[in-house]
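Summary of the model geometry
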Amino acid sequence: MHIIWLRNGFNVVVLEKDKIACKTSGNTTAKITSQHGLFYKYLIDSFSKSYAKSYLQANEEAISNIENIIDLENISCNFSYQDAYVYTQDNKYLSDIKEEVSALNKLNFPAEFVSNIPLKLEIIAAIKFPKQATFHPRKYILGLCNSILNSGCKIYENTKVYDVKKDLNGYVTYTKNNKIYSRSVIIATNYPIINFPGFYFLKMYQEKSYVIAIKTKETLPDGMYISKETPSISFRTIDCENQKLMLIAGGSHKTGEKIDLKNRYNNLEKIAKSMYPDCEVLYRWSTQDCISLDKIPYIGHFSQIMPNLFVATGYKKWGMTSSNIAANIITDKILGNSNQYEDIFKATRLKPIKNKDELKNMIKESVNSLVIEKFKLPEDTINNLNVDEGKIVEINGKKVGVYKNKEGRIYQVNPVCTHLGCELSWNNLEKTWDCPCHGSRFDYMRKFYLFS
Ligand SMILES: Cc1cc2nc3c(=O)[nH]c(=O)nc-3n(C[C@H](O)[C@H](O)[C@H](O)COP(=O)(O)OP(=O)(O)OC[C@H]3O[C@@H](n4cnc5c(N)ncnc54)[C@H](O)[C@@H]3O)c2cc1C
């Protein structure tokens, strides 16, 4: 959502399936930064120096745009400037850090190679980006909502969009009980809700990460930090109800990956305890985001054959700046203006896929879940299902997803995703059925979509 549309007299309606800020943006670690891991050498090598420079500039501008919106709309959301670091504790990544610093210096960005960071960690090396920022994401989003409502526009929560179809003057957006007619529609649903045209399910996957919030008597440093190692660990502090907490995020994996997930939070807690032995874990949660195959967000026209239908997705866990860039690009398109960054993020791009390994993975996963697994009957039966266990078993010649809760009650579901029919996999940490193809998630009764 962008305030500029409102200021230009547009009649805007926001339709939200659940509650505002209850999904990824309300659960993010909210570093507002152009430092997207080690990324700029990749951009120069895979695209060009001028492409990398524009990407960097767009993200740097987004930081100050967000500050300006906060000032203009008077949003109290703990915005503060902080330095951002990517560090490594492994000698084998030293050259990667050095090459990234040199790539950034070629782009005239004042990135700095450092051997120490304010965080309580022994490191080999790090790259420092000055003057990045953090805020409280929920407070920011709710502040934006106030501005939207004060401008006379409408927000409808608990209003799921089922479809968007072209009509003579624009589009019809279908909810359960209503149709909304508009000239333009923006699909900002994290994972696009329309499959055809667009075909975003062929060029994107979802990754999940886990977050804990700890408190300690020790003094927590400012700054934000992420490791180069895979999966990476990320740190930032946050002011929460008059106390300073540290957010520690990590344990990423592809959503629906068939792996044991039980220790994801324990691993983060071990890291926390090793750094702050007195610490107490106050909160823990997980969330997920979409990643495009070339690691660049998809922003702009949804499809070449659907004018005035727009999309913003594929933020690869850097959606704070990317969504601001998206808001500006899409606003310009709606107002009939050009935007200097529109080509960088063009959603209808047909460039060769850069991330060939992930493409192979996606194809393998889809073939496996759509074809191979579907026709294989499982050897497991419901008789050897343990308490608090979920799995796919054979019942009367059919595959059934079963979960036995701690009281011994068994819940049966059809283990097939409603999106495109992939076979779901059991998530033994959060007791959900997750889709390995495109990242939809269902609770163990399949009553609710958790993410779709
Ligand atoms: C663990 C983690 C940490 C992260 N940390 C950072 C960070 O430090 N800095 C950063 O820049 N980025 C970070 N990100 C990424 C960032 O949080 C996301 O890129 C961003 O929040 C995604 O925003 P979104 O609007 O696309 O999705 P969402 O915030 O999920 O919003 C989409 C909304 O659309 C609604 N919706 C879905 N389907 C429908 C429908 N059919 N009808 C109506 N509404 C619908 C959903 O309910 C939801 O509210 C992180 C991501 C993760 C997973």
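Everything that follows concerns the structure shown earlier in this document.
Below, the structure is looked at part by part. Please read all numbers here as calculations on a predicted model, not as lab measurements. (Residues numbered from 1 in each chain as written. Predicted model: local features only at pLDDT ≥ 70, side-chain atom pairs only at ≥ 80, totals over all residues.)

1. A word on the overall build of the protein
So the rule is basically this: Here a strand is any run of E in DSSP of at least two residues, a helix any run of H or I of at least four, and the numbering for each starts at the N terminus. C-alpha atoms define the radius of gyration, and 2.2 Å times the number of residues to the power 0.38 defines the globule rule. Partly exposed residues are those falling between the two cut-offs: more than 12 but fewer than 20 other C-beta atoms within 10 Å of their own, whereas 20 or more means buried and 12 or fewer means exposed, with C-beta atoms placed from the backbone.
Counting its regular elements, the protein contains nine helices and 24 strands. For a compact globule of 452 residues, the expected C-alpha radius of gyration is about 22 Å, and the protein comes in at 23 Å, within 12% of that figure. Reported as C-alpha extents along the three principal axes, the dimensions of the protein are approximately 65 × 60 × 45 Å. Relative to its full complement of 452 residues, the protein shows a buried share of 39%.

2. Brief notes about the site of the ligand
Which entries qualify depends on this criterion: Using a C-beta atom placed from the backbone, a residue is scored as near a molecule or strand whenever that atom is within 6 Å of it.
Around the ligand lies a shell of 32 residues, among which Lys 23, Ser 25, Thr 28, Gly 319 and Met 320 are the nearest. If you list the elements that add at least two residues to the shell around the ligand, you get β11 (204–215), β15 (280–292) and α7 (319–335). For the shell around the ligand, the leading source of residues is α7, giving four residues.

3. Some details on the sheet that holds strand β7 (residues 163–167)
Rule in force here: Any two strands with at least two DSSP bridges between them are considered paired. Helix axes are fitted to C-alpha atoms over the stretch in contact, other axes to C-alpha atoms as well, and angles between N-to-C directions run from 0 to 180 degrees.
Read across the sheet, three strands follow the order β7-β8-β9 without closing on themselves; strand pairing throughout is antiparallel. The open sheet has two edge strands, β7 and β9 (179–182), and neither has a second partner. In this sheet, neighbouring strand axes are inclined to one another by 25° on average, regardless of whether the strands run parallel or antiparallel. Two elements, strand β8 (residues 170–174) and β9, share four bridges in a ladder whose sense is antiparallel. Within the sheet, the bridge partner assigned to Tyr 171 lies in β9 and is Ser 182.

4. Details of the sheet that holds strand β18 (residues 389–395)
With antiparallel pairing, three strands are arranged side by side in an open sheet as β18-β19-β20. Edge strands, defined here as strands with exactly one partner in the open sheet, are β18 and β20 (410–413). Taking the axes of each pair of neighbouring strands and ignoring which way they run, one obtains an average angle of 30° across the sheet. Pairing between strand β19 (residues 398–404) and β20: four bridges, direction antiparallel.

5. Quick word on the environment of Val 281
Condition: The contact criterion used here is simple: two residues whose C-beta atoms, placed from the backbone, lie within 7 Å are in contact.
Structurally, Val 281 is set in strand β15. When the C-alpha positions of Val 281 and Lys 215 are compared, they lie 6.6 Å apart, and in sequence the two are 66 residues distant. Residues contacting Val 281, with those up to four places away along its chain left out, are Ile 212, Ile 214, Glu 269 and Ala 272.

6. Thoughts on unusual backbone geometry
Backbone torsion omega between Phe 196 and Pro 197 reads -10°, so that peptide bond is classified as cis. Tracing the backbone shows Pro 197 in the loop between β10 (185–187) and β11. Cis peptide bonds are those with omega within 30 degrees of zero, and the linkage from Thr 230 to Pro 231 qualifies with -10°. Inspection of the secondary structure puts Pro 231 in the loop between β12 (224–227) and β13 (234–240). Here the phi dihedral of Ala 30 falls at roughly 60°; this positive angle occurs in a residue that is not glycine. Position of Ala 30 relative to the elements: it lies in the loop between β1 (13–15) and β2 (31–32).

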